Amino acid sequence: MSFWSHRHVFVTGATGLLGSWLVEALVEHGACVTCLVRDWVPSSRLVREGLLERTNVVRGELEDLPLLVRALNEYEIDTVFHLGAQTIVGAASRSPLATFESNVAGTWNLLEACRLLSRQIERIVIASSDKAYGSHPTLPYKEDFALKGRYPYDASKACAELVAFSYQQTYGLPLAITRCGNLFGGGDLNFNRLVPGTIRSALRDEPPVIRSDGKFVRDYFYVRDAVGAYLLLAENLPRPELVGEAFNFGNERPLSVLEMVRLILDLCGKKTLAPRILNEAVHEIPEQWLDCSKARHLLGWRPKYSLEDALRETIQWYWERSVAERTHPFLRGRA
């Protein structure tokens, strides 16, 4: 039987990119999944592909502590994946207070609920980000680097980590933290992000838009590899050497924004499209990528997909829906 068979799992951020793929994997592995859903998003993959119908749904916000306690208690949750957050860097800069309330207060509320029900909670995985590191002169980032997030999104993730470490050290919660590279994959409808935005432009035969100068370097990480990493980490909790630890997950292949755009256009067969470089991005770190040797050593983890294969699958996901659903928002909607 699967490790996840009949386990009671609580997922925040289930309607997001990673959340939808994680929920699908958990359900397929036999878990009883409960999703915390703030907004009803009909266009989300979780809704459109019928995944939400296979779960229990709790409507509410991370800022509502009594709701979280009720959900964890009534659904007899033993495993928590905390993915819920404001994840758009631009939106975080425009609305810092809402970002801190969601990303920081939301995290301490969830952890407080877990503390109050600590006898039933067996494992907690907290989603942070490579952005929590901030800017460092030495690359790639390792888990023992200081958290130096300075901009609203980056700082919110660093603060959330400190809250999580505090709950683990003080109350013994069986948690670990993930720091992933830039996630991409089918189902991401935030078209101001580089990968889905570039794919949609290619499908429309339009020049893709680059908000920065194209020189920013990132570690792009396929969502299906991220799901595998999350499941593997959770399955190994609460091993003593993992509890209270952070783990980097990425493909360790840094690319500039312009290199990534050209690779996508090449795989789409649209080499002749020339990107529009706006050079207007602010509050972003010039270079970031990850060292994942800790995950390899302690978990035996490696990504299963090459970047090219991951992008091919992602492009195929959007292409199939562009053919099947001519009125879908990603064909005609706003970025």
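Here the structure is shown first, and the text comes after it.
Here we summarise the structure given alongside this text. Only a predicted model underlies this, so the values are computations on that prediction, with no experimental measurement involved.

We now examine the state of the cysteines. What the rule picks out here adds up to zero disulfides. Cysteine Cys180 remains unbridged, with the sulfur of Cys292 as its closest cysteine sulfur at 8.5 Å. Under the relative-accessibility criterion, Cys180 is labelled buried at 6%. Exposure remark for Cys292: the relative accessible area of 0% places this residue in the buried category.

Moving on, we get to helix H6 (residues 152–171). Here H6 spans 28 Å end to end across 20 residues, near enough to the 28 Å set by a 1.5 Å rise per residue. Trailing H6 by a residue or two, Gly172 shows a phi angle of about 70°, which is positive.

Quick look at the packing of helix H7 (residues 194–203) against helix H9 (residues 257–267) now. One way to put it is that H7 packs onto H9 with a least axis distance of 10 Å and a crossing angle of 40°. The orientation of H7 relative to H9 falls into the category oblique. Like other packed secondary-structure pairs, H7 and H9 cross with a definite hand, here right-handed. Residue-level inspection shows Leu194, Val195, Thr198, Ile199 and Ala202 of H7 in contact with H9, the latter providing Val257, Met260, Val261, Ile264 and Leu265.

Nonpolar side chains in soluble globular proteins tend to be buried together. In this structure, Leu26, Phe81, Phe249 and Met260 are the most contacted members of the largest nonpolar core, which totals 74 residues. When sequence neighbours within four positions are dropped, the list of residues in contact with Phe81 reads Trp4, Val9, Phe10, Val11, Thr12, Leu22, Leu26, Val125, Tyr230, Leu231 and Ala234. Of all hydrophobic cores here, the second largest spans 26 residues; its members include Leu67, Ile121, Ile126 and Val163.

The step from Leu139 to Pro140 runs through a cis peptide bond, and the omega angle for that step is 0°. With respect to the secondary-structure elements, Pro140 resides in the loop between strand S5 (123–127) and H6. Looking along the chain, the bond that leaves Leu237 and enters Pro238 is cis, with omega of 0°. Its place among the elements puts Pro238 in the loop between helix H8 (223–236) and strand S11 (246–249). One non-glycine residue with positive phi stands out, namely Asp205, at about 60°. For Asp205, the position within the fold is in the loop between H7 and strand S8 (209–210). In this structure, Glu252 is a non-glycine residue whose phi angle is positive, near 55°. Here Glu252 shows up in the loop between S11 and strand S12 (255–256).

Summed over all chains, the structure comprises 24 salt bridges. Its salt-bridge partner being Arg45, residue Glu24 comes within 2.6 Å of it at the nearest N-O pair. Of this pair, Glu24 sits in helix H1 (residues 17–28) while Arg45 sits in helix H2 (residues 45–48), and the two are 21 residues apart along the sequence. By the burial criterion, Glu24 is buried, and Arg45 matches it. A salt bridge links Asp39 to Arg38, with the shortest nitrogen-to-oxygen separation between them at 2.8 Å. In this structure Arg38 comes out as exposed when scored by relative accessible area, which is 54%. Among the ionic contacts, a cluster of salt bridges with common partners joins Glu24, Arg45, Glu49, Glu320 and Arg321.

Okay, the layout of surface pockets next. Taken as a whole, the second largest pocket spans an internal volume of roughly 410 Å³. Surrounding the second largest pocket, 19 residues form its lining, Arg224, Val227, Gly228, Leu231 and Lys304 being those nearest its centre. With eight residues, H8 is the single largest residue contributor to the lining of the second largest pocket. The class makeup of the residues in the lining of the second largest pocket is nine nonpolar, three polar and seven charged.

So, on to the side chain of Lys294. Note that Lys294 resides in helix H10 (residues 293–299). Of note is the side chain of Lys294, whose polar atom sits 2.5 Å from the side chain of Glu245. When near neighbours in sequence (up to four residues on either side) are disregarded, Lys294 contacts Glu143, Glu245, Ala246, Phe247 and Leu299.

Here we come to the packing of aromatic side chains. Inspection of every chain in the model, using the stated rule, returns 13 aromatic pairs. Ring geometry for Tyr141 versus Phe145: centroids 6.1 Å apart, planes at 50°, classification tilted. Take Tyr141 and Phe145: they sit in the same class, and that class is buried. Measuring from centroid to centroid gives 5.0 Å for Phe249 and Trp301, while their planes differ by 85°, and the two rings are edge-to-face. One end of the pair, Phe249, is in strand S11; the other, Trp301, is in the loop between H10 and helix H11 (307–324), with 52 residues separating them in the sequence. Every member of this aromatic cluster is reached through a ring pair, and the members are Phe3, Trp4, Phe81 and Tyr230. The ring of Phe3 is capped by Arg7, whose NZ or CZ atom sits 3.9 Å from the centre of that ring. Across the ring face of Trp21, the terminal group of Arg45 is positioned such that the distance to the ring centre comes to 3.5 Å.

Procedures and definitions
Residues numbered from 1 in each chain as written. Predicted model: local features only at pLDDT ≥ 70, side-chain atom pairs only at ≥ 80, totals over all residues. Heavy atoms only, no water. Disulfide = S-S within 2.5 Å. Buried < 20%, exposed > 50% of the residue type's maximum accessible area, 1.4 Å probe, protein only. Helix = DSSP H or I, 4+ residues; strand = E, 2+ residues; numbered from the N terminus. Expected span 1.5 Å × (residues − 1). Axes fitted to C-alpha atoms, helices over the stretch in contact; angles between N-to-C directions. Parallel < 35°, antiparallel > 145°, perpendicular 65-115°, else oblique. Left-handed = near helix turned anticlockwise from the far one by under 90°. Contact = heavy atoms within 4.5 Å. Core = buried A, V, L, I, M, F, W, Y, C linked by side-chain atoms within 4.5 Å. Salt bridge = Lys/Arg side-chain N within 4 Å of Asp/Glu carboxyl O. 1 Å grid on protein atoms, 1.4 Å probe; cavity = no way out; pocket = protein on both sides within 12 Å on 5 of 7 lines; lining within 4 Å. Points joined across faces, edges and corners; volume = space filled by probe spheres on them. Nonpolar A, V, L, I, M, F, W, Y, C, P; charged D, E, K, R; others polar. Polar contact = N/O pair within 3.5 Å; in protein donor to acceptor, adjacent residues only side chain to side chain. Phe/Tyr/Trp six-rings, centres within 6.5 Å; stacked < 30°, edge-to-face > 60°. Lys NZ or Arg CZ within 6 Å of the ring centre and 35° of its normal.

Function cannot be inferred from these measures alone, as they are strictly geometric.
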